[in-house]
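Read off the chains here:
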Amino acid sequence: MDRDPSLLPLPDDGPVQRPFWDAAKDGKLVFQRCQNCNHAFLPGREECPRCLKPDLVWEEASGRATLYSWVVYYRPYGEAYKSRVPYTVGIVVLEEGPRFASNIVDVADPEALEIDQPLELKIEVDDGIAIPRFKPAVAV
Ligand SMILES: [Zn+2]
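Residues numbered from 1 in each chain as written. Predicted model: local features only at pLDDT ≥ 70, side-chain atom pairs only at ≥ 80, totals over all residues. Heavy atoms only, no water.

*Asks:* Please provide a residue-by-residue account of the sheet that holds strand S7 (residues 118-126), values included.
*Replies:* The strands that make up a sheet are held in pairs by hydrogen bonds between backbone atoms, and each pair lies either parallel or antiparallel. Strand order in the open sheet made by the five strands is S6-S5-S4-S7-S8, with antiparallel pairing throughout. Two strands close off the open sheet at either side, each with one partner strand: strand S6 (99-103) and strand S8 (129-136). Ignoring which end each strand starts from, the neighbouring axes of this sheet average 35° apart. Pairing of strand S4 (residues 64-73) with S7, which is carried by three bridges, proceeds in the antiparallel orientation. (Pairing = 2+ DSSP bridges. Helix = DSSP H or I, 4+ residues; strand = E, 2+ residues; numbered from the N terminus. Axes fitted to C-alpha atoms, helices over the stretch in contact; angles between N-to-C directions.)

*Asks:* Talk me through the sheet that holds strand S2 (residues 40-41); I want residue IDs and the actual numbers.
*Replies:* The three strands are arranged S2-S1-S3 in an open sheet whose pairing can be described as antiparallel. Every other strand in the sheet has two partners, leaving S2 and strand S3 (56-60) as the edge strands with one partner each.

*Asks:* An account of helix H1 (residues 18-25) is requested, with residue identities and associated values reported.
*Replies:* When we look at burial in H1, the residues that qualify are Phe20, Trp21, Ala23 and Ala24. Seen end-on, H1 carries its buried residues on one side only, within an arc spanning 160°. Those residues of H1 hidden inside the fold are in contact with strand S1 (30-34), S3, S6, S7 and S8. Gly27, located one to two residues past H1, shows a positive phi value of around 80°. (Buried < 20%, exposed > 50% of the residue type's maximum accessible area, 1.4 Å probe, protein only. Arc of directions from axis to C-beta. Contact = heavy atoms within 4.5 Å.)

*Asks:* Any chance you could break down the coordination of the zinc ion for me, citing the residues and the numbers?
*Replies:* Within the protein, the atoms that donate to the zinc ion are Cys34 (SG), Cys37 (SG), Cys48 (SG) and Cys51 (SG), at distances of 2.3 to 2.4 Å. One can describe the donor arrangement at the zinc ion as tetrahedral, given that its four donor atoms subtend angles of 102 to 118° at the metal. The motif formed by the donor residues of the zinc ion, counted along the single chain, is C-x2-C-x10-C-x2-C. Residue Cys34 is found in strand S1, and its partner Cys48 is found in the loop between S2 and S3; the two are separated by 14 residues along the sequence. Judged by relative accessible area, which is 1%, Cys34 ranks as buried. (Donors = N, O, S within 2.8 Å, 3.2 Å for Na, K, Ca; no water. Tetrahedral: all angles 85-135°; square planar, octahedral: opposite > 155°, others 65-115°.)

*Asks:* An account of unusual backbone geometry is requested, with residue identities and associated values reported.
*Replies:* A cis amide bond links Leu42 with the next residue in sequence, Pro43, at an omega value of -10°. Following Val85, the chain continues to Pro86 via a peptide bond in cis, the omega torsion being -10°. The backbone of Asn38 shows a phi angle near 75°, a positive value even though the residue is not glycine. Among the structural elements, Asn38 can be located in the loop between S1 and S2. Even without glycine at this site, Asp106 takes up a positive phi of about 60°. The topology assignment puts Asp106 in the loop between S6 and S7. Here Asp106 falls in the partly exposed class, since its relative accessible area comes to 44%.

*Asks:* Go over the nonpolar core with me, naming the residues and quoting the values.
*Replies:* With 23 residues, the main nonpolar core has Leu29, Val92, Leu94, Phe100, Ile104 and Phe134 as its most contacted residues. If you list the elements that add at least two residues to this core, you get H1, S1, S4, strand S5 (87-94) and S8. (Core = buried A, V, L, I, M, F, W, Y, C linked by side-chain atoms within 4.5 Å.)

*Asks:* With reference to specific residues and values, describe the environment of Glu114.
*Replies:* In this fold, Glu114 is placed in the loop between S6 and S7. Those residues in contact with Glu114, other than ones at most four positions away along the chain, are Leu67 and Trp70.

Interpretation note: all reported values are geometric properties and have no functional meaning in isolation.
Shown next as structure tokens:
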């Protein structure tokens, strides 16, 4: 049965992505690290995007990150987002290196966001899905 379009779409929880979503349910953000070249990255893959070796392990992120870039959506991306506008989607750089696309939440004024500002992990359960998101480490 198709999911109600007013709800967030379910994530890909196939074997490659499942560890990520299982960790989120446990309140953690995890990323992959290559055991061959030490590259750390997201989203999960079957092989390292740098050296193409399949020798990968999942590691837990500290939850500390900085803001690389962001956009504020004033028009909803789809049906499930209509009640959410305006909302902010950013690229954050985890302390461990991976870049991660995330909602930036708990932002009273998106105009006050700044490049490189410190962020911290906030896992929210939204439409039944545990989703790693980020909020400013210092309120803005
Ligand atoms: Zn590698």
